[in-house]
Number of protein chains: 2
Amino acid sequence: MGEGGTPLVTVRLGGSAAGDRAVYVKDESRNPTWSHKDRLNLCTVSAALYSAAPGIVVASSGNHGASAAAYASRAGLPCVLVTYDGASQAMAEFVRAYGAAVIVVGREDRLAVVNDIVRELGFESVSNRTPTHTGHPFGPEGYKTIAYELFLQLDRTVPGSVFVPTGYAELLFGIWKGYAELVELGVSSTVPRIYSAEPAARGPLHAAMAARLPATQVPAGTTIASSIACTASGYRGVVALNASHGAAVVVSDEQLTRALELLSRQGLWVEASGAAGLAALTQLFDAGVDVPEPVVAISTSGGLKNDPPGDAHVKRIPADWDSVRRELRRLGAV
Amino acid sequence: MGEGGTPLVTVRLGGSAAGDRAVYVKDESRNPTWSHKDRLNLCTVSAALYSAAPGIVVASSGNHGASAAAYASRAGLPCVLVTYDGASQAMAEFVRAYGAAVIVVGREDRLAVVNDIVRELGFESVSNRTPTHTGHPFGPEGYKTIAYELFLQLDRTVPGSVFVPTGYAELLFGIWKGYAELVELGVSSTVPRIYSAEPAARGPLHAAMAARLPATQVPAGTTIASSIACTASGYRGVVALNASHGAAVVVSDEQLTRALELLSRQGLWVEASGAAGLAALTQLFDAGVDVPEPVVAISTSGGLKNDPPGDAHVKRIPADWDSVRRELRRLGAV
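What you see is a predicted model, and the numbers here were worked out from it, not measured in a lab.

Before going further, it helps to spend a moment on the nonpolar core. Core analysis: the largest hydrophobic core is formed by 122 residues, its most contacted members being Leu278 and Leu281 of chain A together with Leu278 and Leu281 of chain B. When neighbours within four sequence positions are excluded, Leu281 of chain A is seen to be in contact with Leu13, Val23, Phe163, Val291 and Val295 of chain A.

Residue and element names in this part refer to chain A. Of the residues making up helix α11 (residues 321-330), those classed as buried are Trp321, Ser323, Val324, Glu327 and Leu328. Down the axis of α11, the buried set is contained in an arc of 160°. They therefore lie on one face. Looking at α11, the residues exposed on the side facing more than 90 degrees away from the buried face are Arg326, Arg329 and Arg330. Two residues or fewer past α11, Gly332 is found with a positive phi of approximately 75°.

The next subject is the side chain of His136 of chain A. All names here are of chain A. Following the sequence through the fold, His136 ends up in the loop between β6 (124-125) and α5 (139-153). Within polar-contact distance, the side chain of His136 engages the backbone nitrogen of Phe138 at 3.0 Å. Beyond its immediate stretch of four places on either side in the chain, His136 contacts Thr44, Ala47, Glu124, Ser125, Val126 and Glu170.

Residues and elements named next belong to chain A. Spatially, 4 strands are ordered β5-β4-β3-β6 in an open sheet, and the strand pairing comes out parallel. The open sheet has two edge strands, β5 (101-105) and β6, and neither has a second partner. Pairing analysis gives 4 bridges linking strand β3 (residues 56-59) to strand β4 (residues 79-84), with the strands arranged parallel. Counted as the bridge partner of Val57 is Val80 from β4. Running over the sheet, helix α4 (residues 110-121) touches β3, β4, β5 and β6 and is turned about 160° from β4.

Attention shifts here to the sheet that holds strand β1 (residues 8-12) of chain A. Residue and element names in this part refer to chain A. Read across the open sheet, the 6 strands follow the order β1-β2-β12-β7-β8-β11; overall the sheet is mixed. In this open sheet, the two edge strands, each paired with only one partner strand, are β1 and β11 (247-251). For this sheet the average axis-to-axis angle between neighbouring strands, irrespective of direction, equals 30°. Contacts from helix α9 (residues 253-264) reach β1, β2 (22-27) and β11 within the one sheet, and its direction differs from that of β11 by about 90°.

Before going further, it helps to examine the pairing of strand β5 (residues 101-105) of chain B. Residues and elements named next belong to chain B. Of all 5 residues in β5, 5 are buried, a share of seventy percent or more. Side chains Ala101, Ile103 and Val105 project from β5 onto one buried face, and the interleaved Val102 and Val104 project onto a second face that is buried too. The parallel pair strand β4 (residues 79-84) and β5 is bridged by helix α3 (residues 89-97), and the resulting crossover is right-handed.

The interface of chain B with chain A comprises 70 residues on the first partner and 71 residues on the second. Between chain B and chain A the total buried area reaches about 6000 Å² when both faces are included, carbon and sulfur atoms providing 65% of it. The interface formed by chain B and chain A includes 2 salt bridges. Close ionic contact of Arg316 of chain B with Asp85 of chain A constitutes a salt bridge, the shortest N to O distance being 2.6 Å. The interface formed by chain B and chain A includes 20 residue pairs in polar contact (both at pLDDT 80 or more). Every element with two or more residues in the side of chain B that touches chain A is listed here: β1 (8-12), α2 (63-75), β4, α3, β5, α4 (110-121) and α11 (321-330) of chain B.

Reading the values: rules and limits
Residues numbered from 1 in each chain as written. Chains lettered and ligands numbered in written order. Predicted model: local features only at pLDDT ≥ 70, side-chain atom pairs only at ≥ 80, totals over all residues. Heavy atoms only, no water. Core = buried A, V, L, I, M, F, W, Y, C linked by side-chain atoms within 4.5 Å. Buried < 20%, exposed > 50% of the residue type's maximum accessible area, 1.4 Å probe, protein only. Contact = heavy atoms within 4.5 Å. Helix = DSSP H or I, 4+ residues; strand = E, 2+ residues; numbered from the N terminus. Arc of directions from axis to C-beta. Polar contact = N/O pair within 3.5 Å; in protein donor to acceptor, adjacent residues only side chain to side chain. Pairing = 2+ DSSP bridges. Axes fitted to C-alpha atoms, helices over the stretch in contact; angles between N-to-C directions. Right-handed = clockwise from strand over helix to strand, strands pointing away. Buried area = accessible area lost by both parts, 1.4 Å probe. Salt bridge = Lys/Arg side-chain N within 4 Å of Asp/Glu carboxyl O.

As C-alpha cells, then:
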C-alpha cells in the first residue's frame, strides 16, 4: 500500500544550547495508517499469510492495532483486536473501520486472551506473547527499511546519530539492524549512534542499561506519551544501544511538550510519543553532551492519533469587527 | 515539508457490473497534514510570503484550515482560522496545534469576517473571498503536481479517466490544468476524461453543467461528505469537465458508504468525502456507462479526519474464553 518512502523534514532547534542547529525529522505519519507500524505489519501479516494462519490477533490500544487491522484486511484475513477499557472510542472506531473485531477486556487480561485466541483458533499473533516482550520475529525486518531510506536520503551517507521514540524497542532494534547489515554488505562502513527516548515515568530500557541487565521491568508511572508507555523492555534494545555506542535517554512530559511545540511551530503536528526523539536530543544538547551530527530524529506518528478533546463542538462569538478584534487580541494573534 | 509524492494503491472493485476490475487510488492522506490541501497551501502561503503579507486568514472547518495553519507556521506567519459553531473541537485542536488563532462565528458570517481581517490587518486570505467562490489564484497550481506525478507513476502515460471528489472544484481544475499543460509542453498528446464527484444533496457543479451555466448555487442539503458539501461551484469546474470531455456525477450517502467500505476492506480508511471519486466510478460502471480505462480515483484524506465518536472510552467484557468466544461470535469474527 505504499508504506515507507517517508520524507525527511528539516527542523531548527532554536534557542538554548542547541543554537541554531538543524536536525532531520523522519515523518513516519506518512504511512498507510499514519504511523511507523505499517512497516512492521507488512512483515508480520505477510508471515501470517505464508504460514496459512486463518486470522490475525493483535493486542493494542493504538497505532499497532489499526495498522494490523489494515494489513489483515488487505490480505483478506480476519483480525481480532484485544484492547482494554482505557482505550479511546476513536481508536476503536479506527480499527473497526478496517473490519476488525474489537474485544475489550481488563488491561491485565490482554496477554492471556491473545494466547487463548492463538491456541483455540490458530490465529497468528502479530503482538508479543511473553511477559518480557520478545515481539514478533519478523517485525524489525520491516523497520530496517528506515535505515535503508535514510542512507539514500542522506546521499549514501550514515548520520552521526539517530534518536528513536522507544516502547518495546522493536523500532530501535530494526533501525540498528538495518544499518548493521549495510556494513556487513559492504555498502557502508559505519553505524550511527542509536539513542532510545523513553518517557521518564517508565523507561524499562534505560533501567536495563543502568543495571547492565539484558532486560528489565519497571513500575507503571503516568505520561502523555501513551504509545510508548511500556513497563518491560527486552534484549533487542540493549543490543542496539551497546553495539552502536548509543545511550538510553528518558524524557519528562514537560520536555515532550516543548518538543511537540517546537515541531508544530515548524509545520509538523506529532503524536505525543512521536516527539520523544527530539525531546531526548534537545536534552543532550542542552546538557552539553557531544552528539555526533548530522542527527536524525524519528517521528513515529501524527497528532491526529492523540485522544480527541472531550467537547464535541466549538463555541461561537459575535461576528462584528469589534468582537472579532477583541477575540484576536485575547488569543494573542494581533 | 515533503508534500506530494503520494502513492497509487490498486483497489479491486469486485461484485456488480464492475466485475473484477482494478482501479488506481491516489492516496492524498500521505501529505504533511494528511490531505490534498497541502499542495494548495504550499502555493497560497508562498504567495503570501512573496507579497509580504503580515499573516494568513483561512475560512474552513476542516482540512484546508489545518493545512493553511501548518504552512503559515512553517513560514513564520501568524494564522487566523475563521470557522463556525458546527465545526468539531477535534478539528479546532488540530488547527490550534500549529499555533493558529481560532475564531468561531455564525456560518453565514464567515465571508464577512474574512474580508474584515483582510481589510483591517492586511492578512492574505488563502480562502475564497467572493460568494461564487473564485478561490485563491495560486491554489490550483499546487494541484497540478498530481497530474505530473500520475504521469510518471503510470510509466509516462495518461490514464483514460480521473475521478475527483469535488467541492469548489479547485482540485478538479488543477488536475485538468496539469494534464492540459503537459500537452501544451509536448510531453503528452492527450488529457484524461475528468469526472467530478459531488454529494447528491448539493452538487452545484452538476447543476451548472445541466443548466449549461458557467456557475451556479444550490440549496444546502445534508450529506456525510461534509468536506465537499458546497452550495456554490464556479467556472473552473465547468471548464475542466468540458475541455476533457468528462462529466459531473453526484453520489448518494449510501453510495459513499459502500465505496468507503470497499476501500477500508482493502486497507484504506478514507474520509467520507474522499471516497466520492470511487463512488462515482462504481455508479457509472454499474449503469453500463463506458468509462475509459485505466481509471484513477483521487482519495483526498484519511478517516481520522471524520468527526470522532461521542463516547470517550470503550467498554469491557469478561476475559474468560467462553465470554471472549461469545463476543467474537456476536461480532461475526468466528
